[in-house]
Every structure is written in structure tokens, then in C-alpha cells.
Amino acid sequence: MADLFDEVEEQLRSDRYRTLALRALPWVLALAAAILIGWLAWWGWGKYQEQAANKASEQYDAALAAFVQNDKTKAAQLWGEVSKSPSRGYKSLALMQLAGLKFEDRAGTDASRTAAAVKLFDEAAEAAPDDLLGDAARLKSALALLDTAPYKELEQRLTPLTKEGRPYRVMAREALAFAKLQAGDMAGARGDFVVISNMLDAPDGLRQRAKAAISLIDSGSAKSVPAIAKAAAALPPTPPMMMPPGLMPQGVPAPAPAQGPQQSTPQ
């Protein structure tokens, strides 16, 4: 009898497990389907981004080639197409190039061309995937406004870029010093130039300009410094691997690269 009861109990237990398994099966299948769909979506998105980056790279290189051949209309068209790419790195680079072309555009006033360029630089900063590209665009934007914007606006744009660890902090501090100088803050400008002249990671050109500016301030010739600023305060370089030397638009001069920032691949 005991064996019979055990056999019946075992049968009931098996039936109960089978029932629970059948109830759980739809949930298990649904979870497996969700995992599969999620993986396929992730794989598809990665593939899409890779294809978009490859296409943007080809168009960007073609635009550079057109620019070198002085076909600025074609270069602008191609960079315009890249500026709509989902590849954030190439989109940011293309917007900066389009902004540079605005300075050579003969249509409109200087103020309208500057405003159009600043708008594109700001869009490039927003699109950038990292600070290496983003801060380059932000600094270009501030430098484009250096002669016309009030000091408060320049201070708001430049001060965050001078923080420790930012890729163009030395150039941003130099631009801020020139902004203070143009605003009549000789003491503040001199203090910034002193800091730059003593920064070990500052390029030699920036340290020399800082020392020259200090000498002019001390000699009472500071009024001539803004003219030096306009000629010497160059826009920050786009990362070398993306922008070979000599290929910057003529309206956007490139200075000696700042030491420190690492190259990055657009995404």
C-alpha cells in the first residue's frame, strides 16, 4: 500500500509540475523573444551607425578635396550633407567647416556673416560627441565674437573652457585675457597673461604672445594689444587626424596645436 501511495503522490507531483511548466511556457517564450529582438535592435543600430559614419567620412573627404581645388560651392554642398548625418563627430566637423566658409561669403554684412558662423559653431558644439570637438567649436564661436560681443557674453562662453582638464583651456584663457583687455580690465588681463606665460603645457607661441602682451600693458601701450589679438589669436585646431594642416578654410586660421588633447575618432 505504501508503494501505491508513493506512486500516486509522484504522479500528482509530476502533473503539478507539468501544469506549472505549461503556464510558464508563454512567459519564457516572450522573454526569449524580447531578448532576441533587443539584441537584433542593438546589432542593427550599430550597423546603421557604422554605415552612416563610413558614408559621412567619404563625403567629408570629398568636400576637403573640392575645397583644396577651390571648388567651394561643391565643398559647401558636401559638408551640408554631412551636417545632416547621424554620425555626430563628422556632423560637428562639417558644421565647423561650413561656419568657416561663412567668413568668406561676400553676401551680407560682416555682422550677418559673423552671426551665421556663430550659429553654425554653436550647432557644431551641441552635435559634438566629446569635448575635443565640442570645445573647439565653442572656442571658435567665442573668438568669432571677440571684436563685437560684450564682455559678459564672452566671459560666459569662455570661462567654462578654461577649467582644468578641458582640451583648449590655454587658448580659452588667452581669448578671455584679450576680452578683458578690450573691456578695459588691464589688471585682469595682465593676470591671465602671467598665468599663461608660466603654464608648462602652453605652446611656445602662446607663452611668447602672453609675455609680449604683458610688456605692452606694463609700457602703457596696451591699446595696440587688441590689434595683436586679432592677428594672433587663432581659432583652435580641429583634431589633426580629421583636419590635416593646410586644409582649414582661409577664413578660419589654425594656430599651432595645443599640447595635451588626444585625437578621437568621430562617431
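Residues numbered from 1 in each chain as written. Predicted model: local features only at pLDDT ≥ 70, side-chain atom pairs only at ≥ 80, totals over all residues. Heavy atoms only, no water.

> Explain the overall build of the chain here, please?
Assigned secondary structure in the chain consists of 10 helices and 0 strands. Helices and strands appear in the chain in the N-to-C order α-α-α-α-α-α-α-α-α-α. A buried classification covers 41% of the 267 residues belonging to the chain. A fraction of 57% describes how many contacts in the chain between residues 6 or more apart in sequence connect residues 24 or more apart. If you sum the accessible surface of the chain, you get close to 15,100 Å²; carbon and sulfur atoms cover 58% of it. (Helix = DSSP H or I, 4+ residues; strand = E, 2+ residues; numbered from the N terminus. Buried < 20%, exposed > 50% of the residue type's maximum accessible area, 1.4 Å probe, protein only. Contact = heavy atoms within 4.5 Å. Areas by Shrake-Rupley, 256 points an atom, 1.4 Å probe, with all protein chains shown as cover.)

> Please explain the nonpolar core as it appears in this structure.
Across soluble globular proteins, nonpolar side chains show a tendency to be buried alongside one another. Counting residues in each nonpolar core, the largest one holds 60 residues, and the members touching the most others are Trp79, Met96, Leu139, Leu154, Leu158, Phe193 and Ile196. It is helix 7 (residues 169–182) that contributes the most residues to this core, 9 residues altogether. Those residues within four positions of Leu154 in sequence are excluded, and the remaining contacts are Ala142, Leu145, Leu146, Ala149 and Ala179. (Core = buried A, V, L, I, M, F, W, Y, C linked by side-chain atoms within 4.5 Å.)

> Is there a simple way to explain unusual backbone geometry in this structure?
Trans peptide bonds make up most of the peptide bonds, and negative phi angles are found at most residues other than glycine. With a phi close to 65°, Asn70 is a non-glycine residue in the positive phi region. Assignment of secondary structure puts Asn70 in the loop between helix 1 (2–68) and helix 2 (72–82).

> Just checking my understanding: could you explain the side chain of Ser197 for this structure?
Among the secondary structure elements, Ser197 is positioned in helix 8 (residues 186–197). Reaching out from Ser197, the side chain makes a polar contact with the backbone oxygen of Val194 at a distance of 2.7 Å. Ignoring anything within four residues of it in the chain, the contact list for Ser197 reads Arg207, Ala210, Lys211 and Ile214. (Polar contact = N/O pair within 3.5 Å; in protein donor to acceptor, adjacent residues only side chain to side chain.)

> Which parts of the structure should I look at to understand the packing of helix 7 against helix 9 (residues 204–218)?
To characterise two packed helices, one gives the angle between the axes of the helices and the distance between these axes. Direction vectors running N to C along helix 7 and helix 9 enclose 20°, while the axes themselves pass 11 Å from each other. Put simply, helix 7 runs roughly parallel to helix 9. Helix 7 and helix 9 meet at a crossing whose hand is left-handed. Here helix 7 contributes Val170, Met171, Glu174 and Leu181 to the contact with helix 9, which in turn contributes Leu206, Arg209 and Ile217. Residues of the contact of helix 7 with helix 9, tallied by class, amount to 5 nonpolar, no polar and 2 charged. (Axes fitted to C-alpha atoms, helices over the stretch in contact; angles between N-to-C directions. Parallel < 35°, antiparallel > 145°, perpendicular 65-115°, else oblique. Left-handed = near helix turned anticlockwise from the far one by under 90°. Nonpolar A, V, L, I, M, F, W, Y, C, P; charged D, E, K, R; others polar.)

> Teacher, can you tell me more about the pattern of salt bridges here?
Once their charged atoms are close, side chains differing in charge can pair, the charge on each being opposite to the other. Counted under the stated rule, the structure contains 16 salt bridges. A salt bridge links Lys152 to Glu155; its shortest N-O distance comes to 3.7 Å. With Lys152 and Glu155 both in helix 6 (residues 151–158) and 3 residues apart, this pair spans about one turn of that helix. We classify Lys152 as exposed; its relative accessible area is 58%. Of the charged contacts, one joins Arg157 and Glu153 as a salt bridge, the two residues approaching to 3.5 Å between their closest N and O atoms. Separated by 4 residues within a single helix, Arg157 and Glu153 lie in helix 6, roughly one turn from each other. The network of salt bridges with common partners includes Asp131, Asp135, Arg138 and Arg166. (Salt bridge = Lys/Arg side-chain N within 4 Å of Asp/Glu carboxyl O.)

> Explain the packing of aromatic side chains to me, please; I cannot follow it from the model alone.
Any pair of aromatic rings gets described here by the distance separating the centres and the angle formed by the planes. For the structure on display, the rule yields 5 aromatic pairs. Ring centres of Tyr60 and Trp79 lie 6.1 Å apart, and the angle between their planes is 55°; on these two criteria the pair is classed as tilted. On the criterion of sequence distance, the pair formed by Tyr60 in helix 1 and Trp79 in helix 2 is long-range, its members being 19 residues apart. Note on Trp79: relative accessible area 0%, which makes it buried. Ring centres of Phe103 and Phe121 lie 6.4 Å apart, and the angle between their planes is 35°; this geometry places the pair in the tilted category. On the criterion of sequence distance, the pair formed by Phe103 in the loop between helix 3 (88–102) and helix 4 (110–127) and Phe121 in helix 4 is long-range, its members being 18 residues apart. A network of ring pairs unites the aromatic residues Tyr60, Phe67, Trp79 and Tyr90 as a single cluster. (Phe/Tyr/Trp six-rings, centres within 6.5 Å; stacked < 30°, edge-to-face > 60°.)

> I keep staring at the packing of helix 6 against helix 7 and nothing clicks. Help me out?
Orientation of helix 6 relative to helix 7, taken along the N-to-C sense of each, is 170°, at an axis distance of 10 Å. Relative to helix 7, the element helix 6 lies roughly antiparallel. Judged by residue contacts, Tyr151, Leu154, Glu155 and Leu158 of helix 6 engage Ala172, Ala175, Leu176, Ala179 and Lys180 from helix 7. Of the residues contributing to the contact of helix 6 with helix 7, the split by class is 7 nonpolar, no polar and 2 charged.

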